[in-house]
Each structure stands twice: as structure tokens, then as C-alpha cells.
Amino acid sequence: MASPVTIPRLWRMKEKQEKIAAVTAYDFGFAQLADAAGIDVILVGDSLGMVVQGRRNTLPVTMDEMVYHTGMVARGAQNAMVIGDMPFMAYQADTAEAIRNAGRFIKEAGAAAVKLEGGVSVSPMIRALSGAGIPVQAHIGLTPQSVHQMGGYRVQRDEERLVADALEVEQAGAFSVVLEGIPTPIATKITRELKIPTIGIGAGPACDGQILVLHDLLGLSQRHVPKFVKQYRQLAAEVRSGLEEYAGEVRSGHFPAAEHCYD
Ligand code: KIV
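Summarised in this report is the structure supplied together with it. (Residues numbered from 1 in each chain as written. Predicted model: local features only at pLDDT ≥ 70, side-chain atom pairs only at ≥ 80, totals over all residues. Heavy atoms only, no water.)

Running from N to C, helix 6 (residues 123-131) and helix 8 (residues 159-172) cross one another at 25 degrees; their axes reach a closest spacing of 8 Å. Looking at the two axes, helix 6 sits roughly parallel to helix 8. The hand of the helix 6/helix 8 crossing is right-handed. Residues S123, I126, R127 and S130 of helix 6 lie in contact with helix 8, whose contacting residues are E168, V169, Q171 and A172. Classifying every residue of the contact of helix 6 with helix 8 gives three nonpolar, three polar and two charged. (Axes fitted to C-alpha atoms, helices over the stretch in contact; angles between N-to-C directions. Helix = DSSP H or I, 4+ residues; strand = E, 2+ residues; numbered from the N terminus. Parallel < 35°, antiparallel > 145°, perpendicular 65-115°, else oblique. Left-handed = near helix turned anticlockwise from the far one by under 90°. Contact = heavy atoms within 4.5 Å. Nonpolar A, V, L, I, M, F, W, Y, C, P; charged D, E, K, R; others polar.)

Attention now moves to the sheet that holds strand 8 (residues 209-212). Spatial strand order, 1-2-3-4-5-6-7-8: eight strands in a closed barrel with parallel pairing. Going across the sheet, the axis of each strand differs from the next one's by a mean of 25 degrees, ignoring polarity. Where strand 2 (residues 41-44) meets strand 3 (residues 81-85), four bridges bridge the pair, whose relative direction is parallel. Note on strand 3: the bridge partner recorded for V41 is M81. (Pairing = 2+ DSSP bridges.)

Lining the immediate environment of the ligand, one finds T24, L43, G45, D46, S47, D85, K115, H139, I201 and V213. Side-chain polar atom of D46 to an oxygen atom of the ligand: 3.0 Å apart, as the coordinates give it. The contact in question runs from an oxygen atom of the ligand to an N or O atom on the side chain of D85, over 3.2 Å. Burial of the ligand by the surrounding chains reaches 96%, relative to a free accessible area of 260 Å². (Near = heavy atom within 4 Å. Polar contact = N/O pair within 3.5 Å; in protein donor to acceptor, adjacent residues only side chain to side chain. Areas by Shrake-Rupley, 256 points an atom, 1.4 Å probe, with all protein chains shown as cover.)

Next up on the list: the pairing of strand 6 (residues 176-180). Consecutive residues of a regular strand have side chains that alternate between opposite faces of the sheet. Where burial is concerned, most of strand 6 is hidden: five out of the five residues are buried. On strand 6, burial covers both faces: S176, V178 and E180 on one face and V177 and L179 on the other are all buried. One ladder, built from four bridges, connects strand 6 with strand 7 (residues 198-201); its direction is parallel. Within the sheet, the bridge partner assigned to E180 lies in strand 7 and is I201. (Buried < 20%, exposed > 50% of the residue type's maximum accessible area, 1.4 Å probe, protein only.)

Look at the link from F255 to P256: it is a cis peptide, with omega at 0 degrees. The backbone of Q17 shows a phi angle near 55 degrees, a positive value even though the residue is not glycine. By secondary structure assignment, the location of Q17 is in the loop between helix 1 (7-15) and strand 1 (20-24). Take Q17: its relative accessible area is 73%, and that puts it in the exposed class. For M89, which is not glycine, the phi dihedral falls at a positive 70 degrees. Structurally, M89 is set in the loop between strand 3 and helix 5 (95-107). Classification of M89 as partly exposed rests on a relative accessible area of 46%.

Time to look at the layout of surface pockets. The volume enclosed by the largest pocket comes to roughly 810 Å³. Forming the walls of the largest pocket are 34 residues, and the residues nearest its centre are L142, E180, I201, P226 and F228. Secondary structure elements with two or more residues in the lining of the largest pocket: strand 4 (113-117), strand 6 and strand 8. Here the lining of the largest pocket is built from residues that sort into 16 nonpolar, ten polar and eight charged. (1 Å grid on protein atoms, 1.4 Å probe; cavity = no way out; pocket = protein on both sides within 12 Å on 5 of 7 lines; lining within 4 Å. Points joined across faces, edges and corners; volume = space filled by probe spheres on them.)

As a packed pair, helix 8 and helix 9 (residues 184-193) sit with axes 10 Å apart at the nearest point and diverge in direction by 30 degrees. Comparing their axes, helix 9 and helix 8 come out roughly parallel. As for how helix 8 packs across helix 9, the hand of that crossing is right-handed. Seen from helix 8, the contacting residues are E159, L162, V163, A166 and L167; seen from helix 9, they are I186, K189, I190 and E193. When the residues that make up the contact of helix 8 with helix 9 are grouped by side-chain class, the tally is six nonpolar, no polar and three charged.

Limitation: the analysis is restricted to geometry and does not speak to function.
Listed below in C-alpha cells is the structure:
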């Protein structure tokens, strides 16, 4: 029988070279489905700003919104580890604020851990959160909250900086690290050098696990799909055709039929 995914279990998976399957989710229904599908880790990503709220980037997402969505996901996940994503400006200003905000994910929403973006520059926050008993997943490489600083969503190729960031977040106490938008050889090197599991998104096959945005992998949205995404389904087209059929039948009077009515 399946049992809850814990940090020691993720570490053992790395040791045994068992890949970690992670996905984002933002509500109860999809969290239940991801959990039932045997997904190991569900990240309530601030990507919800784009795929749920329809914003241009993740920057406007607030702590209250993240706590609200993380609560729904935590209620839907029996075994998958739920991680809450710290939104822009929830942790950058100072460590005390970072601890208060991260604590909300654990205490109010029922998450097991939090994720935050950045390497060397956020290691004091990772250290402070870990010290306060809040497990942290780091996120380096293409960090969407730095979109303006990076000049767009660009693959990050500065090997020296990436390796330094990876070593620093591990040293600071992160239990895992997301590697986003990093060339395969650099992600492979980082994965070999770190003791903690690396979770890749656009970082090649050597990472200890993979994560994709749910809406991208299921073809649920009509947004641009990056090169690193594999679309396993095309649900947007399916949903649209179901809705068109329903609307057509309402207008033609074919729905509701006798079997949908009470005597
Ligand atoms: O916000 C998010 O969904 C993420 C993942 C893509 C790693 O940060």
C-alpha cells in the first residue's frame, strides 16, 4: 500500500537512482488525480499566476493566494508530498518575514515544505527556514521571478555560477533543488555533485526527478509551450469540444432528455 512521501524517502530514491515524478497542481480535484496517479511530489507553483489567473508572469501572485491554493491541494493529496511555492517578495526582504510567510504554508495550508527561487543570494533565507524547522526546496537556473533581471525566460549557461548556487543551497540546508532551464551537461554535473535530489525542468534526463506544469503536460491551456515540455494529452481541445456539444444541445433542446428529468 502507498504511504506518504517524506524527505528521507526522496533522499533514498536518489541513492537508489529511482526517479522522482513531480508535477504542479493548484486545486483539490487535480491534486486528488495526481496523488491517485502515484505522483511523488506536488508543487503548488506560483506558475498559477499564469495558468490559473491569466497573468503575464508570476510576479503579482500574493502569499494569501498561494496559501489558499496550497490548502486545496493539501486536502486532495493523501501520499504525495505537497510543497508551497514562496511568491515574489515573500522572502527576499528579510529572514524574519521569510520565516513568517513560509510558516503559513505549513501551519495554515498543510504543506510539508516550501520552495523558493535563487542560489547564493537566498542562502541566508534557506538557512533561517531550515533552522526554524521548515524544509526548503531551492530553485536555481531560470528563475521566473527574476524575469526582468534575466531579460526574459532564457536558458542559463553560466556553469561556474550555477554550480556555486547549487553547492550553496545544499550547504544552507535545502533538502532538494529544482534545476530549471539549464543545459544538460551542467545539470548532469550538478546532479552528480549534490547529495540532495535535483528536480529538473528543461534540465535534461540526468536529474534525480522531473517536474512539469500540469497545464502544459496535459495540454490544458493555449499558452506557448516551451521546448522542454512533452504534452501527454490535449485536454483543452477535448474540454472545448465537450462544451460546444453541450451548448449545441441546450440550444437545440436535445438536453435535458427524459433520462435527466424527475417525474
Ligand atoms: O511555479 C512553478 O510552477 C515552478 C515549477 C515550474 C518548478 O516553479
